[in-house]
Amino acid sequence: MLTSLDIRERFRKYFVSKGHLAAESSPVIPQDDPTLLFTNAGMNQFKNVFIGIQQPPAPCATSCQKSIRAGGKHNDLDNVGKTPRHHTFFEMLGNFSFGAYFKKEAIAYAWEFLTKEMGLPKEYLWVTIYLDDDESFEIWKEHVSPDRIVRLGKKDNFWEMGDTGPCGPCSEIHIDLPAYFGFAEPAPFDDKRCMELWNLVFTQFNRQPDGSLEKLPRPCVDTGAGLERLTSVVQKKYSNYETDVFMPLLDAIAKLSGKAYVPFPPPGKVLEGAEKEAFDGSMAHRVVADHIRALVFSIADGAMPSNEGRGYVLRRILRRAARYGRTIGITKPFLASLVPVVVESMGGVYPLIREREKFIEEVINGEEVRFCETLSKGEELFYEIAASSKDGKIAGADAFRLYDTYGFPLDITLDMAAEKGLTVDQEGFEAELKKQRERAKAARNVSGKVLTTDYEELYAALGDTVFTGYSENTGKSVVTALMKKGEGKVEELASGDVGQIFVKETPFYAESGGQIGDVGTITGSSFAATVTGTIHPARKLTAHNVEVTTGTVKVGDEVELAIDLEKREATRRHHTAAHLFHAALREVVGSHATQAGSYVSPERMRFDFHSPRALTEEELSKIEARVNEVIWQDIPVDTKVTNVDEAKAMGATMLFSEKYGSEVRMLRIGDFSLELCGGTHAKSTGQLGGFYIVEESALAAGIRRVEAHVAAAGYKDVTVQRAQLKEAANYLHARPDEVMARLEKQSDEIKELQKKLKALQGGQVKELAKELAAKAETVGDLKVVAADCGELDGEGQKALCDALKANLQNSYAVAIAVRANDRCAFTVLISEEGVKAGLHAGNIVKAMAAITGGGGGGKPNQAQAGGKDAAKIPLALEKAKEMFANKN
């Protein structure tokens, strides 16, 4: 039986064989599309290609895209656990053509993959097309009988990503589930009994905001087949949850709860009594199994539970899972314990979740612990409210009280009400929520941050702070407001107090656009304060984070403001360097390498960008050289205040996810770089001195990060490296220009010595193998060796295993342990006769490793594992002997 891993890999290999680029899955957190909460389809990462504003990475591509549908237009959250096939997180298999081919090839590929690669019987498959898509009808007739092609309307067979964007007619492949599973005889097409397996979208249009359809520059193909659905069909499981995708999680949840999981019954079967009660209870297993996958992948890709946007969707998902856990008897925080199960199943395909496993566990556990502190009291209140309901409805005010006081998202209250046969006044809930927002004045600013009452009141009274720092480093102003840490708005700050100073105008740049906020001093006739940072707590209201060092500052005081000029200048240079790097990156690597984030400070420039792979050393060298070439040309850095439309017309680069106001600042560096930017910059590229790339690394799936230094920070790098080179030269008794040659010579000498040492060890290993084989015990029909072989490296261990097999020849069971420092490693070898007798090397080595605090496994005939506590090797070897004797 094919596993989900097999299906995913077969899909990739099939389309690669057809000339497709195998594209990596993009993160589930959209990096450059502000219209989406989550990545919800394979085509999301190619949206700009489809609408003609970005060049495709290849003529055609294939991917297995991590996707989430929870919140927004595409929201499956409420159906999860109730149906066999709804999920928040899922994987979408897809193939995409960017003008390379169209309907004929797309249809042929899909049909061939399903019927030949997956072996699905044609007689159970149906095809649907858009009403007037005669072209698809004629093509499909080459593969199926015309009476198995069904024409459907726009609702079913015209695909749209959203209210605007790419769209077009589609064709779907369905399977008659009751007939396929043998529950019923084949019947005419009925979308209630047939399940969609694959959707082929023929993307021809781009829907405009006014609803009109604009032809795309080139007709494209976008297809999607849900991996979970396809796996259920291939594995002959009626529900996605009974496949190998979910069963490891469901088994773990059953173990935690002590309640067995009950699978979906065949369609048409009516459950009653205890059987129905057990099945209904298993909805909790399904909800938790689904939700933990969504949490793991979204947190790995950079999302965090919060009270707004996608963060609030995650919080709802987590709290819903935690609450359902309680319905099956799991009273303590448990979700983090399921993270390793997800990692074990999917970490090989998506290594980022393995890299961030501990962090994901910490985030989930912390969030669940906080929720559980109020969950019990919230449940008590709900049951009181439910018991007192006389009209079968939970009042909106009561639902809001659960939300506001105990953190119950509305969907939890809806679920709990449904379990009691009650409904919830959702309109009343929304009305109460609106009242709270009005009371708190928690309006949203342009960046989407929720403002506190104090800051909103301040903004309403003070408005935008005038920024003079583009041309001034110092300034005079009047204190308009003060905040004290831990107290809020005050009339004065005394010596030793930490808080915030607000003024009418300031030369201090507030942290934004990746640029760190300025530091410096604010002084008056009766006080002095150190500015430790500058931020925008509300829109363009500027707050100076301060510690008062002497005297007392009061509202209304006249003050002098002075930025730390040395740090500002260093920050300017690094910010300009970020723009130069971005331009050089796109020039060397391609326009697809777009900005995903940045951070500039006096010490460094950090730039995050979209890329499916690491940059090569050659690419990094070219980028570094190109930036330095522009620096040495000493090109003026010019800024111009304009509007977005004019900036676009001039070809300015802008962040797709950024929200720009009616007025923008455009930064031009000769003909090399033209971008929108509100930060501060060097006056010319020559002020940067030199540009030095320090590190290139992975930040997330599809996101790379480069750190670089300029000017004094770059000079420091050079001096440190020069000192290190001199030190190495002195150690090697060579000149600096001879270091590499001397190291190569020493490396060759070491390799020669290692070769001689290996030869000596090889002889010792052969002798050891002979000795162990001669001392082998006989257990039943098998020759058994279980030995601690001391210190051996990986190659020595392999050589010993080969020698043992040669000496024992057949009918053997071997368990050897080797050690290095306090750690250890195990290898188990089982002959063909031993395997037939019931021995399994993978199971045995796993049991041995567990004793020493490690893990591993492998095939029935050979397996390896590692351990942490070498002192327990004797116990592990005894365990192996025991299992050899018991044939398990």
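Residues numbered from 1 in each chain as written. Predicted model: local features only at pLDDT ≥ 70, side-chain atom pairs only at ≥ 80, totals over all residues. Heavy atoms only, no water.

Counting secondary structure elements, the protein chain contains 27 helices and 34 strands. Principal-axis analysis of the C-alpha atoms places the extent of the protein chain at approximately 95 × 90 × 60 Å. Within the protein chain, buried positions represent 49% of all 888 residues. Of all intrachain contacts in the protein chain linking residues separated by at least 6 positions in sequence, the fraction that spans at least 24 positions is 67%. Accessible area of the protein chain: about 41,600 Å², with a carbon and sulfur share of 49%. Of the charged side chains in the protein chain, 110 are positive and 125 negative; the average position of the first set lies 2 Å away from that of the second. (Helix = DSSP H or I, 4+ residues; strand = E, 2+ residues; numbered from the N terminus. Buried < 20%, exposed > 50% of the residue type's maximum accessible area, 1.4 Å probe, protein only. Contact = heavy atoms within 4.5 Å. Areas by Shrake-Rupley, 256 points an atom, 1.4 Å probe, with all protein chains shown as cover. Lys, Arg positive; Asp, Glu negative; His and termini not counted. Charge placed at Lys NZ, Arg CZ, Asp CG, Glu CD.)

With that settled, the discussion passes to the packing of helix α19 (residues 565-588) against helix α20 (residues 617-632). Their axes nearest at 9 Å, the elements α19 and α20 cross at an angle of 130 degrees. Relative to α20, the element α19 is oriented oblique. The crossing of α19 and α20 is right-handed. Contacts from Leu-580, Phe-581, Ala-584, Leu-585, Glu-587 and Val-588 in α19 reach Glu-619, Lys-622, Ile-623, Arg-626, Val-627, Val-630 and Ile-631 in α20. Looking at the contact of α19 with α20, its residues break down into nine nonpolar, no polar and four charged. (Axes fitted to C-alpha atoms, helices over the stretch in contact; angles between N-to-C directions. Parallel < 35°, antiparallel > 145°, perpendicular 65-115°, else oblique. Left-handed = near helix turned anticlockwise from the far one by under 90°. Nonpolar A, V, L, I, M, F, W, Y, C, P; charged D, E, K, R; others polar.)

On to the packing of helix α14 (residues 357-388) against helix α16 (residues 410-419), then. α16 packs onto α14 with a crossing angle of 45 degrees between their chain directions and a minimal axis gap of 12 Å. Taken as axis vectors, α14 and α16 run oblique relative to one another. Of the two elements, α14 crosses α16, and the hand of that crossing is right-handed. Taken together, the residues of α16 that come into contact with α14 (itself represented by Phe-371, Glu-379, Phe-382 and Tyr-383) are Ile-412, Thr-413, Met-416 and Ala-417. For the contact of α14 with α16, the class distribution of residues is six nonpolar, one polar and one charged.

Taken together, the three strands give an open sheet; going across it, the order is β24-β25-β26, and neighbouring strands pair in antiparallel fashion. Either end of the sheet is taken by a strand with one partner, and the two such strands are β24 (637-642) and β26 (673-676). Within this sheet the neighbouring strands show an average axis-to-axis angle of 20 degrees, counted without direction. (Pairing = 2+ DSSP bridges.)

Turning to the pattern of salt bridges, a few remarks are in order. One pass over the full model with this rule turns up 40 salt bridges. Of the charged contacts, one joins Asp-176 and Arg-193 as a salt bridge, the two residues approaching to 3.0 Å between their closest N and O atoms. Of the two residues, Asp-176 sits in strand β7 (residues 165-176) while Arg-193 sits in the loop between α6 (177-180) and β8 (194-207), which places them 17 residues apart along the sequence. With a shortest N-O distance of 3.3 Å, Asp-737 and Arg-735 are connected by a salt bridge. For Asp-737, a relative accessible area of 61% corresponds to the exposed category. By relative accessible area, Arg-735 is classed as partly exposed at 48%. Within the structure, one salt-bridge network assembled from shared partners comprises Lys-103, Asp-133 and Glu-135. (Salt bridge = Lys/Arg side-chain N within 4 Å of Asp/Glu carboxyl O.)

Quick look at the nonpolar core now. One finds Trp-140, Trp-198, Leu-230, Ile-292 and Ile-364 to be the most contacted residues of the largest nonpolar core, which totals 120 residues. The element that contributes the greatest number of residues to this core is helix α10 (residues 283-300), accounting for twelve residues. Look past the residues within four positions of Ile-292 in its chain and what remains in contact with it is Leu-249, Leu-335, Leu-338, Val-339, Val-342 and Ile-364. Counting 31 residues, the second-largest nonpolar core is a separate cluster that includes Ala-584, Phe-609, Phe-672 and Ile-693. (Core = buried A, V, L, I, M, F, W, Y, C linked by side-chain atoms within 4.5 Å.)

Let's shift gears to the environment of Arg-401. Relative to the assigned elements, Arg-401 resides in helix α15 (residues 396-406). Accessibility expressed as a relative area gives 37% for Arg-401, which makes it partly exposed. On a C-alpha basis, the gap between Arg-401 and Phe-297 in space is 32 Å, while along the polypeptide they are 104 residues apart.

Glancing now at the environment of Val-739. Here Val-739 is to be found in helix α23 (residues 739-774). Along the sequence, Val-739 and Leu-725 sit 14 residues apart, while their C-alpha atoms lie 8.0 Å from each other. Once residues lying within four places of it in the same chain are set aside, the contact partners of Val-739 are Leu-725, Ala-729 and Leu-732.

This paragraph deals with α19. Between the first and last C-alpha of α19 there are 34 Å, a value that for 24 residues agrees with the 34 Å anticipated at 1.5 Å per step. The backbone nitrogen of Glu-566 lies 3.3 Å from a side-chain oxygen of the residue at the head of α19, namely Asp-564. Phi turns positive, to about 135 degrees, at Gly-590, one or two residues after α19. (Expected span 1.5 Å × (residues − 1). Polar contact = N/O pair within 3.5 Å; in protein donor to acceptor, adjacent residues only side chain to side chain.)

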